[in-house]
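Residue strings, one per chain:
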Amino acid sequence: MCLLDQSFTFYLLPFTLHLFFYMNKKKIFLKPKKEESLKRFHPWVFSGAIAKAEGAPEEGDVVDVFDSGKNFLAVGHCQIGTIAVRILSFDQEPIDKEFWKKRLKAAYQLRTGLGLTKRETNNSYRLVHGEGDFLPGLIIDMYDGTAVFQAHSVGMHVSRQEIAAALKEIMPEELHAVFYKSDNTLPYKADLKSENQYLLGKKAGNIAIENSLKFRIDWEKGQKTGFFIDQRENRALLEKYAAGRSVLNMFCYTGGFSVYAMRGGATLVHSVDSSAKAIELTNENITLNFPNDKRHKAFAEDAFKYLDTMPDDYDLIVLDPPAFAKHKDALRNALNGYRKLNAKAFEKIKPGGILFTFSCSQAVDKQQFRLAVFSAAAQVGRKVRILHQLTQPADHPVNIYHPEGEYLKGLVVYVE
Ligand code: SAH
């Protein structure tokens, strides 16, 4: 009996000590019956669900969340706004370097299992996709050993050095720099005046490899983290359709779809973007993979203007516009925008043409997007069949309890 007691204490002591030292003084208590979504592992607490706070939590602080009966529910980052807490863990545990290491390691193992970390054929992938990797507010994209780190919450901003150090420990060979780029992603009202900078290492080679193709990535000055990794598999699908076809890549940015179309054997490829810098990057990426290949031309022009006045008809058109709806209130205008844009493409595409059409607006769901493309087809009166329904790749996972994480929608349609 005595022996049993001793061993009991022996095993439990480290656990109780650990909990004792980890006594989070900042607490949030929910109103009665407001714990249901957290019990179903949804990773957000809305401000309307909160009854009271203890310990004066401030934006960016780690807080423990309890139900109205004072039972522990979760721990997360506090923030100002409709989403008041973003949950990091449903276990009562400290949010320290060990925690970041555990989460980052799981994210890295997932990508390794997907074959994305084989350096010879692919060195660009999304390592952390926010809620999809149980790290709300954090995005990390990898380009040839440089991690581009975006904080979308003040909590992730506060923890940036600790996260960078944890990252170095879990991938010591592969990682040689961490570039922090959150000037456009942090909550505006937090007024952090965050500067883009290297948290670790320094600027190094910026040629990323994706499916054995080369891309120069300008993560310091480019849009988002410098490249749209989320279209990797959709670009690979386009490669299969490119042979013998003339291709228009509308909203080309760094020319991702164009480079794949060239490798797929397109007869000509035209890339269009309203940004002159994007056209420069596209031309560079084409030259990097297909020097002196005369099949490609790029134009800095507005999409609608180009589609209205373009001299050529195309067999294959890609429409990958920026998010038309950043918020739910912009939904109607956004759907109208998608309809108009797709209608232009349906007017112009050659008979037997293939259209790759996308929406990356989180506020537009796949049914609404499909309806917008349907309306465009009906308006122009072309016969259209859906060949593929596309989404984001596996390194942009969707937490099943957080369906909001599914943002990329695409259709590949055949136009008679
Ligand atoms: N397809 C790209 C990503 C597109 S991002 C890829 O695979 O990497 C959206 C692009 O649309 C941006 O480069 C932006 O400059 C461009 N853009 C925004 N508004 C535009 C407009 N009205 N006409 C043409 N391009 C536009």
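Now for the overall build of the protein. The secondary structure content of the protein amounts to eleven helices and 20 strands. With the principal axes as the frame, the protein shows a C-alpha extent of 85 × 45 × 45 Å. With 416 residues in all, the protein has 51% of them scored as buried. Contacts spanning at least 24 positions in sequence make up 65% of the contacts within the protein whose residues lie at least 6 apart. If you sum the accessible surface of the protein, you get close to 19800 Å²; carbon and sulfur atoms cover 56% of it.

Turning our attention to the environment of L138. As for its position among the elements, L138 is in strand β8 (residues 138-143). When the C-alpha positions of L138 and F149 are compared, they lie 7.5 Å apart, and in sequence the two are eleven residues distant. Residue contacts for L138: discarding those within four places in its chain leaves V128, H129, G130, F149, Q150, M156 and I163.

Inspection of the secondary structure puts K214 in strand β13 (residues 213-216). On the basis of relative accessible area, K214 is assigned to the partly exposed category, the value being 38%. When the C-alpha atoms of K214 and Y198 are compared, they prove to be 23 Å apart, with 16 residues separating the residues in sequence. Contact partners of K214, with chain neighbours within four places excluded, come to I207, A208, N285, L288 and N289.

Mapping D395 onto the fold places it in the loop between β19 (384-390) and β20 (409-415). Judged by relative accessible area, which is 0%, D395 ranks as buried. Here the side chain of D395 touches H396 through a polar contact of 3.2 Å, side chain to side chain. Once residues within four sequence positions are removed from consideration, D395 is found in contact with R111, L114, L116, Y125, R126, H129, I229 and R232.

What counts and how
- Residues numbered from 1 in each chain as written.
- Predicted model: local features only at pLDDT ≥ 70, side-chain atom pairs only at ≥ 80, totals over all residues.
- Heavy atoms only, no water.
- Helix = DSSP H or I, 4+ residues; strand = E, 2+ residues; numbered from the N terminus.
- Buried < 20%, exposed > 50% of the residue type's maximum accessible area, 1.4 Å probe, protein only.
- Contact = heavy atoms within 4.5 Å.
- Areas by Shrake-Rupley, 256 points an atom, 1.4 Å probe, with all protein chains shown as cover.
- Polar contact = N/O pair within 3.5 Å; in protein donor to acceptor, adjacent residues only side chain to side chain.

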